[in-house]
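Now for the letters of each chain:
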Amino acid sequence: MITDGLLMLGVLLGLSCVLIVLERTTGWKLFKYVPGMVLMYLLCATLNSIGVFGQDEATRAPITEVKNVLLPAMIFLFLFGCDLRKIIKLGPKLLLTMFVASASLFIGMVLVYALFQGALHPEAWKVLGALLASWTGGSANMVAVQDILQAPENIFGYALITDTIMYSVWLMLMFASVAISPRFNRWTKANTAYLDVHAGAAEEEKKPITGTSLAIVAFGAIFVSTLSIWIGGLLPEFGAVVNGTTWSILIVSVLGLVVALTPLGTTAGSSEIASLMLFVVIGQIASGSDFSAITEAPLYLLMGALVLVVHIAIMLVYAKIAKVELFSLAVASTANIGGIASAPVVASAFNRQLVPVGVLFALIGSFIGTFVGLIAAQVMSAL
């Protein structure tokens with residue numbers, strides 16, 4: 001059993017290193033179906049379940065402190081590419097489609113929770129709020145909500161498993177939908193001419209990662225994080241949702257949007273460093289989990305599937321009324337459920353020239369996801 005806190009932190013960092021290197025260099029099919037982040041969760045939870053990690057506060061303190069600093073820093077860095085000027089240029093119809101996609105997932109999650117509430121853990125609303133944050137933003141939003149609400153770590157794994165499996169199925173459906181796009185557009189009587197405005201939008205050339213850029217994004221983000229934590233601790237708390245952590249996340253989110261409007265927003269290495277931080281945050285959460293109640297996982301999978309059914313129904317009704325083409329629906333949906341890694345890929349399957357739309361949709365989600373998850377959690381807690 002590991003009872004030294006620094007050794008435990010070293011083990012989590014070592015596991016992160018191994019999984020990241022294997023995922024980026026080996027090309028193993030395993031990572032196609034089970035992302036490295038999910039494997040990180042499963043490995044750390046397994047080690048904790050079999051008693052490798054000590055349970056006393058002294059052992060847990062170092063990794064908890066590291067996670068508390070890395071979480072706001074990670075969110076700050078992930079928002080560097082979220083240039084509001086480019087998002088506004090999407091136009092009202094595309095922005096409305098993205099809003100409807102997020103709203104439909106919100107409605108679906110609240111309805112399904114109300115249906116299954118009696119069969120769930122008393123604090124399941126916190127976990128489902130974190131899941132919705134992922135499905136309207138991404139993994140960073142999920143762990144942010146988990147940290148703010150202090151969702152039970154032993155059932156947080158269900159949200160992560162549901163997220164991974166449902167996302168994989170959803171991505172296949174979105175790719176398959178390309179084939180029926182012409183028929184769907186005829187059914188909705190959609191006019192696709194407005195998309196021509198966004199076709200071929202040039203992407204900025206990627207800058208090389210240097211020691212200077214790494215210093216800016218790594219040390220600068222940690223400074224911003226510690227400052228936001230200090231300020232957040234001075235601000236008042238409101239209920240179970242608005243606390244010091246909520247304030248610090250809000251502060252770094254706003255600062256991230258501000259930086260995105262400046263030349264600093266294009267600093268090389270921001271997304272790479274943020275991704276490394278995400279592995280450590282996931283490892284800390286997983287190190288407090290165990291698989292003693294794994295039999296509840298199928299229930300969460302069923303709930304996740306039902307949320308997506310509600311999402312589909314609302315999106316179809318919206319498409320028919322507003323005469324929206326399948327491209328916008330599929331990319332907005334993927335941007336919510338899949339995030340920055342998959343929305344541009346789905347967009348390219350429809351039209352390579354419209355890849356920037358997928359990128360911008362995903363960036364919108366990366367900003368709003370945390371707050372959508374928190375609002376839904378507040379609603380579910382009141383049911």
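Before going into details, it helps to say that this report is about the structure given with it. Values in this document were obtained by computation on a predicted structure and should not be read as measured data.

Examining helix H4 (residues 57-78)
With 22 residues, H4 should reach 32 Å at 1.5 Å per residue; the first-to-last C-alpha distance of 31 Å fits that figure. The sharpest bend along H4 reaches about 25° and sits at Ile63. Taken together, the buried positions of H4 are occupied by Thr59, Arg60, Ile63, Lys67, Leu70, Leu71, Pro72, Ala73, Met74, Ile75, Phe76 and Leu77. Packing partners of the buried residues in H4 comprise helix H1 (5-25), helix H3 (36-49), helix H8 (139-149), helix H11 (211-234), helix H12 (244-260) and helix H13 (270-286).

A closer look at the layout of surface pockets
A volume near 310 Å³ is recorded for the second largest pocket. Where the lining of the second largest pocket is concerned, the elements lending two or more residues are H4, H8, H11 and H12. Here the lining of the second largest pocket gets 5 residues from one element, more than from any other, and that element is H4. For the lining of the second largest pocket, the class distribution of residues is 7 nonpolar, 11 polar and 3 charged.

Section: the pattern of salt bridges
One pass over the structure, following the stated rule, counts 2 salt bridges. Linking Lys67 and Asp147 is a salt bridge whose minimum nitrogen-to-oxygen distance equals 2.1 Å. Taken as a pair, Lys67 in helix H4 and Asp147 in helix H8 lie far apart in primary sequence, 80 residues in all. A relative accessible area of 6% places Lys67 in the buried class. On the accessibility criterion, Asp147 (7% relative accessible area) is buried. Among the salt bridges present, the one from Lys126 reaches Glu123, with a minimum N-O distance of 2.6 Å. Note on Lys126: relative accessible area 12%, which makes it buried. According to the relative accessible area criterion, Glu123 is partly exposed, its value standing at 30%.

Topic: the packing of H1 against H13
Two elements in contact, H1 and H13, have axes whose closest approach is 10 Å; the angle formed by their N-to-C orientations is 130°. The angle between the axes of H1 and H13 places the two elements in the oblique class. The hand of the H1/H13 crossing is right-handed. Judged by residue contacts, Leu12, Leu13, Ser16, Leu19, Ile20, Glu23 and Arg24 of H1 engage Ser275, Leu276, Phe279, Val280, Gly283 and Gln284 from H13.

With respect to the packing of helix H15 (residues 326-337) against helix H17 (residues 355-381)
The geometry of H15 relative to H17 is characterised by a closest axis approach of 8 Å and an angle of 40° between their N-to-C directions. Judged on the interaxial angle alone, H17 and H15 are oblique. Pair H15 / H17 crosses with right-handed handedness. Here Phe327, Ser328, Val331, Ala332 and Ala335 of H15 come into contact with H17, specifically with Val357, Gly358, Phe361 and Ala362. When the residues that make up the contact of H15 with H17 are grouped by side-chain class, the tally is 7 nonpolar, 2 polar and no charged.

Brief notes about the nonpolar core
In terms of nonpolar packing, the biggest core is built from 115 residues, with Met74, Leu77, Leu128, Trp135, Val143 and Phe361 touching the most fellow members. Considering each element in turn, this core owes the most residues, 11 residues, to H17. The contact partners of Leu77, leaving out residues within four places of it in the chain, are Val217, Ala221, Ser270, Ile273, Ala274 and Met277.

Rules used throughout
Residues numbered from 1 in each chain as written. Predicted model: local features only at pLDDT ≥ 70, side-chain atom pairs only at ≥ 80, totals over all residues. Heavy atoms only, no water. Helix = DSSP H or I, 4+ residues; strand = E, 2+ residues; numbered from the N terminus. Expected span 1.5 Å × (residues − 1). Bend = angle between axes of the 7 residues up to and from the residue. Buried < 20%, exposed > 50% of the residue type's maximum accessible area, 1.4 Å probe, protein only. Contact = heavy atoms within 4.5 Å. 1 Å grid on protein atoms, 1.4 Å probe; cavity = no way out; pocket = protein on both sides within 12 Å on 5 of 7 lines; lining within 4 Å. Points joined across faces, edges and corners; volume = space filled by probe spheres on them. Nonpolar A, V, L, I, M, F, W, Y, C, P; charged D, E, K, R; others polar. Salt bridge = Lys/Arg side-chain N within 4 Å of Asp/Glu carboxyl O. Axes fitted to C-alpha atoms, helices over the stretch in contact; angles between N-to-C directions. Parallel < 35°, antiparallel > 145°, perpendicular 65-115°, else oblique. Left-handed = near helix turned anticlockwise from the far one by under 90°. Core = buried A, V, L, I, M, F, W, Y, C linked by side-chain atoms within 4.5 Å.

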